[in-house]
Amino acid sequence: MQLTTVVLAALSAVSVSASPSWMGADQVTIKEEYKVPGDNPLYFCGDPADDILKIEKVDLSPNPPKPGETLSIKASGDFKEEVGEGFKMHLQVKYGLITLINQNADGCETIKKGDLECPLKKGDMSLTKDVDLPQQIPPGQYTVLADVFTEEGDKITCLTAKIAFHR
């Protein structure tokens, strides 16, 4: 499912050793009423009522993720319509106030990393995926934003999380 790929991309991105590209930019405000169901640190960026992907549940184990351990992701949701070629993902990862990653990616290329292909069919989807997190993730607070939208600009989903990695 595309959601799991978003989660995978976001959590994997914090392990990337990158130079800060720029500082600043608006932070997404996390509101408790936008909590993604399940055992996870994820929140919707805003009211998900009109999103193409209705996320039903995301479970992470362990939660919070730990450097050097395998992160197991179980996700389920429902696509209100088919999502085809041309959809985009905007991924931003910050370490404190420093932006490590701020990029747009082709959605179909990105979901291949989650063993999926375009188009993503209308209807229920679920996926289980294990990801080995590197031991070298620097300790600190990371803020992750994953905004996913169609070629026409319609919102598929938008997720954010604050993840603290400890020594």
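Source: prediction; values computed, not measured.

## Brief notes about the sheet that holds strand E7 (residues 123-132)
With antiparallel pairing, the three strands of this open sheet are ordered in space as E3-E4-E7. Of all strands in the sheet, those with a lone pairing partner are strand E3 (53-61) and E7, marking the two edges. Shown here is a sheet whose adjacent strand axes are inclined to one another by a mean of 15 degrees, direction ignored. Note that E3 and strand E4 (residues 70-79) share eight bridges and pair antiparallel.

## Observations regarding the state of the cysteines
This model, assessed by the stated rule, comprises two disulfides. Paired by a disulfide, Cys45 and Cys158 hold their sulfur atoms 2.1 Å apart. Looking along the S-S bond of the Cys45-Cys158 disulfide, the torsion reads about -70 degrees, which is the left-handed sense. Here Cys158 lies in strand E9 (residues 155-165) and Cys45 lies in the loop between strand E2 (42-44) and E3, a separation of 113 residues in the sequence. If the cysteines joined by disulfides in the protein are listed in sequence order, their pairing comes out as 1-4, 2-3.

## Section: the environment of Gly86
For Gly86, the location among the structural elements is in the loop between E4 and strand E5 (88-95). Note: C-alpha distance between Gly86 and Glu152 (66 residues apart in sequence) is 8.7 Å. When residues no more than four places from it in sequence are discounted, the contact partners of Gly86 are Cys108, Thr150 and Glu151.

What counts and what doesn't
Residues numbered from 1 in each chain as written. Predicted model: local features only at pLDDT ≥ 70, side-chain atom pairs only at ≥ 80, totals over all residues. Heavy atoms only, no water. Pairing = 2+ DSSP bridges. Helix = DSSP H or I, 4+ residues; strand = E, 2+ residues; numbered from the N terminus. Axes fitted to C-alpha atoms, helices over the stretch in contact; angles between N-to-C directions. Disulfide = S-S within 2.5 Å. Contact = heavy atoms within 4.5 Å.

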